[in-house]
Amino acid sequence: MARYVVDVMPKPEILDPQGKAVLGALPRLGFAGVVEVRQGKRFEVEIEGDQTPESLAEVQQMAETLLSNPVIEDFEVRSV
Amino acid sequence: MRVGVVTFPGSLDDVDARRAVTFGGNEAVALWHGDHDLQGVDAVVLPGGFSYGDYLRCGAISRFAPVMTEVIEAAGKGLPVLGICNGFQILCESHLLPGALIRNDHRKFACRDQRLRIENTSTPWTAAYEPGAEITVVLKNGEGGYVADEATLDRLEGEGRVVARYLGDNPNGSLRGIAGITNEGGNVVGLMPHPEHAVEALCGPGTDGLGFFTSLAAAAFA
């Protein structure tokens, strides 16, 4: 099985209200000194067969077309 | 005109949208997300709701629903398409409209009567309004913050493609107070607030939303 991980994060210039909510909660739990939290998504994709440049390219394409919205998010694909 | 209203799994406002279409003097045609068929309609409304549970991103999965193949193709040929709320999100995910909708900056669901200014009355959905008309319709969204890069925002403003703008407090953090936009052709309109909930005096804040549904008939006879 070929396993890939796709990390999707809001672009730095895009407001991340979920990250802000987590950032606001941390000091209340006693975690001091946290200055920034950004929240993203992680996808684990399994594809039949071995890892190949083709399957990697396919996951890249999935990330571009469905898993992320290029207007507001960046993504990174890696094999695991 | 015959106006199709698409029902996706998780659509909430499809019935209200069909009712508003009828009140506007048009025939409402129910369309199903799973059909590759627009039933020959003259225009399409993508209604509000939480299609596909808003999983992944709002509108991200609906954008690939079978019926959207036909909607996207027909929109490219000039078919009038109105996306309301979740429908606006689907139009952005489909790249029929630029930009995206993100979670409200204040992180709370907003539900209220909302004043808007109609800034573009040349679309088939807004032709019934006077230029600069100020209207009050329902706003209800959790992810209604309109964002796009500065160049896109400047282009929208420069080309008069901001269809509606929020008046008073910005309800969701939308950049430049943008409530609705149109595409280059002017046939596709996305709007975050809900004109279909403001077509009867008995329910909702009045009948200011009716213009979105009478415009089509007005355009047909123009």
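## Brief notes about the overall build of chain A
Item 1. Each helix and strand counted, chain A has two helices and three strands in total.
Item 2. Going from N to C terminus, chain A has its helices and strands arranged as β-α-β-α-β.
Item 3. At 16 Å, chain A has a C-alpha radius of gyration far larger than the 12 Å of a compact globule built from 80 residues.
Item 4. Seen along its three principal axes, the alpha-carbon backbone of chain A occupies a region of about 45 × 25 × 15 Å.
Item 5. Here chain A holds 80 residues, and the buried ones make up 32% of them.
Item 6. Accessible surface computed for chain A: about 5100 Å², of which carbon and sulfur atoms make up 55%.
Item 7. For chain A, the distance from the average position of its 8 positive side-chain charges to the average position of its 14 negative side-chain charges is 11 Å.

## Observations regarding the pairing of strand β4 (residues 81–84) of chain B
All names here are of chain B.
Item 1. Side-chain alternation along β4 places V81 and G83 on one buried face and L82 and I84 on a second face that is also buried.
Item 2. Where strand β3 (residues 43–46) lies against β4, three bridges are found, and the strand directions are parallel. Note on β4: the bridge partner recorded for L46 is G83.
Item 3. Note on the crossover from β3 through helix α2 (residues 66–76) to β4: the handedness is right-handed.
Item 4. Relative to strand β11 (residues 188–191), β4 runs parallel, the two sharing four bridges.

## Examining the sheet that holds strand β3 (residues 73–79) of chain A
Residues and elements named next belong to chain A.
Item 1. Read across the sheet, three strands follow the order β2-β1-β3 without closing on themselves; strand pairing throughout is antiparallel. The sheet is open, and its two borders are formed by β2 (41–47) and β3, each paired with just one other strand. Recorded for the sheet is a direction-independent mean angle of 20° between the axes of neighbouring strands.
Item 2. Sheet topology places strand β1 (residues 2–10) next to β3; seven bridges connect them, and they run antiparallel. Considered in β3, the bridge of Y4 is made with S79.

## Let's talk about the sheet that holds strand β7 (residues 134–141) of chain B
Residues and elements named next belong to chain B.
Item 1. As summarised here, the arrangement of the nine strands in space is β2-β1-β3-β4-β11-β10-β9-β6-β7, forming an open sheet in which the pairing is mixed. What marks the edges here is a single partner per strand, and that holds for β2 (27–32) and β7. Neighbouring strand axes in the sheet, compared pairwise and without regard to direction, differ in orientation by 25° on average.
Item 2. The sheet contacts of helix α1 (residues 14–23) involve β1 (2–7), β2 and β3, and relative to β1 the element is tilted by about 175°.

Procedures and definitions
- Residues numbered from 1 in each chain as written.
- Chains lettered and ligands numbered in written order.
- Predicted model: local features only at pLDDT ≥ 70, side-chain atom pairs only at ≥ 80, totals over all residues.
- Heavy atoms only, no water.
- Helix = DSSP H or I, 4+ residues; strand = E, 2+ residues; numbered from the N terminus.
- Rg over C-alpha atoms; globule rule 2.2 N^0.38 Å.
- Buried < 20%, exposed > 50% of the residue type's maximum accessible area, 1.4 Å probe, protein only.
- Areas by Shrake-Rupley, 256 points an atom, 1.4 Å probe, with all protein chains shown as cover.
- Lys, Arg positive; Asp, Glu negative; His and termini not counted.
- Charge placed at Lys NZ, Arg CZ, Asp CG, Glu CD.
- Pairing = 2+ DSSP bridges.
- Right-handed = clockwise from strand over helix to strand, strands pointing away.
- Axes fitted to C-alpha atoms, helices over the stretch in contact; angles between N-to-C directions.
- Contact = heavy atoms within 4.5 Å.

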